[in-house]
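The residues making up each chain are set out below.
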Amino acid sequence: MKSRLIGMLVLCLAIVSNSYANDGVNLKDGFTFGSPVIKSIQAIAFGPENILFIGGNTGSMVYAIEINDKKNASKINFNIDDITAKIGAVMGASAKDIKILDMAVNPLSNNVFFAVSRANRGSTKSALFKLGDNGLQEFSLEQVNYSKKEIENTPATSAKFWGQPSKTYTVTDLHYVNGNVIVSGLSNEEFSSGLRKIAFPFNKGIVTTNVQAYHVSHSANETNAPIYRFLPVKLENQWTIVAGYMCTPLVTFKLNELDGNNKLIGKTVAEIGAGNAPTGIISYRYNNEDYVLVSNNRYSLTRFKGKDILNAKAIKSPSREKGVQRKTINIGSVLHLADYGENVLVITRSSDKKVYTLKKVSKDNI
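Everything quoted here is computed from the prediction, not taken from an experiment.

*Asks:* Could you clarify how one ought to interpret the pairing of strand β18 (residues 238-244) in this entry?
*Replies:* Summarising burial for β18: six of the seven residues are buried, a large majority. Where strand β17 (residues 229-235) lies against β18, seven bridges are found, and the strand directions are antiparallel. Looking across to β18, one finds that Pro 232 is bridged to Ile 241. Hairpin connection, β17 to β18: the antiparallel pair is bridged by two residues, and Glu 236 has positive phi, about 50 degrees. Here five bridges tie β18 to strand β19 (residues 249-254), and the two strands are oriented antiparallel to one another. By the bridge assignment for β19, Thr 240 is matched with Lys 254. Remark: four residues form the turn of the hairpin made by β18 and β19, two consecutive strands paired antiparallel; Cys 247 in that turn has positive phi of roughly 75 degrees.

Below is the structure:
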């Protein structure tokens, strides 16, 4: 078991190192020391060298923050009942006023970070929480090394999507890969759904590629529905964006085609189900097979083989076809998902939508 765990961790580090390759570039070029004014935290993701990327809709910014986070001693309790109540107790709020918007694992420390929003009398306060050896604590973003990049071409203030201000979908997810921060969300373009590629360090412009996908449940090609969750995945040496939309087509885009020149048409490879939101995507290798795991608020966990996604035929027309084969693992409604070596971390929601629980689940059971 010990040798297997070491092997899994080595593999995870190899994958991380590959996607984090920086070719000798000083990643902290342009950083300043101080306390960034972060108006909102919608999505978080780690890059190399203890750099945390934060995407926010209020203010339309992406931040890169060097965090002081030391490797844990493997004493973390990953099974936390009513985690929003525990976060609320720290922030002086009740559980119902707390939302966990994202979850990410620092590959250098193995500590877990949470993007949190607290509602208070019509306003919201964003915060970052860390789960480490000392338990669940708020993580300060004051007096840090950081840089920032303003997102261009954001939706108009008056624009609406799904009855909500389109600006709240400026950033839906973000990831670092191969020297770039990729950000999904909406813009002010006619075809507003897009993937923004931001070279890092933040000393160049933003390349925005408008994307289109066939939506099986809606029987339509859609250009204004935002990608809700995505992940850059290397499948058989090909970098691919695996993207999940609401209601819930799974769509792939080639990473090297995010060039900003044309509207990029994705390949819809699977339909997970209507009335559902994808809440997380991870990839991992298990028993010499590459897998992509998607968490859902209605359909729990859905596992695909990487080779099936890569070689799938596109779904292009109204059909009952569900696309590539998959395995469904029912552990209840899943709100967040993260890879953790031989395990996955999930935050599940009770059937009455009141209690949120952090759990560690072995990949042996998936």
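*Asks:* When you look at the sheet that holds strand β27 (residues 343-349) in this model, what are you seeing that I'm missing?
*Replies:* Sheet strands pair via backbone hydrogen bonds, and the direction of the pair is either parallel or antiparallel. Taken together, the three strands give an open sheet; going across it, the order is β26-β27-β28, and neighbouring strands pair in antiparallel fashion. Bordering the open sheet on either side are β26 (333-340) and β28 (356-362), each of which pairs with just one other strand. Pairs of neighbouring strands in the sheet enclose a mean axial angle of 20 degrees, with direction left out of account. Pairing of β26 with β27 involves seven bridges; the strand directions are antiparallel. The partner of Tyr 340 across the bridge, within β27, is Asn 343.

*Asks:* I tried to follow the confidence of the model for the protein on my own but got confused; where do I start?
*Replies:* Regions with low pLDDT should not have their predicted coordinates read in detail. Overall, the prediction assigns the protein a mean pLDDT of 92, with 93% of residues at 70 or greater. Note that residues 1-10 has pLDDT below 50 and, in this model, nine contacts with residues that lie over four places away or in other chains.

*Asks:* Mind showing me how you'd approach the layout of surface pockets here?
*Replies:* Any space left empty among the atoms is revealed by the rolling of a water-sized probe across them. Roughly 1200 Å³ of internal volume is contained in the second largest pocket. Considering the residues around the second largest pocket, the lining is formed by 36 residues, among which Gln 42, Lys 99, Leu 101, Ser 117 and Tyr 228 are closest to the centre. Going through the elements one at a time, β5 (98-105), β6 (112-120), β7 (123-132), β11 (164-165) and β26 are the ones with two or more residues in the lining of the second largest pocket. When residues in the lining of the second largest pocket are grouped by element, the largest group, four residues, is from β5. Per-class residue counts for the lining of the second largest pocket are 14 nonpolar, 15 polar and seven charged.

*Asks:* Any chance you could explain helix α2 (residues 83-91) here in plain terms?
*Replies:* For an α-helix, 3.6 residues make a turn, and residues three or four places apart therefore share a direction. Along α2, the residues that are buried comprise Ile 83, Thr 84, Ile 87, Gly 88 and Met 91. An end-on view of α2 places all buried positions within 135 degrees of arc, on one side of the element. Where α2 is buried, its residues contact β5, β6, β7, β8 (135-138) and β28. Following α2 by one or two positions, Gly 92 adopts a phi angle in the positive range, close to 70 degrees.

Thresholds, definitions, all that
Residues numbered from 1 in each chain as written. Predicted model: local features only at pLDDT ≥ 70, side-chain atom pairs only at ≥ 80, totals over all residues. Heavy atoms only, no water. Buried < 20%, exposed > 50% of the residue type's maximum accessible area, 1.4 Å probe, protein only. Helix = DSSP H or I, 4+ residues; strand = E, 2+ residues; numbered from the N terminus. Pairing = 2+ DSSP bridges. Axes fitted to C-alpha atoms, helices over the stretch in contact; angles between N-to-C directions. pLDDT = per-residue confidence, 0-100. Contact = heavy atoms within 4.5 Å. 1 Å grid on protein atoms, 1.4 Å probe; cavity = no way out; pocket = protein on both sides within 12 Å on 5 of 7 lines; lining within 4 Å. Points joined across faces, edges and corners; volume = space filled by probe spheres on them. Nonpolar A, V, L, I, M, F, W, Y, C, P; charged D, E, K, R; others polar. Arc of directions from axis to C-beta.

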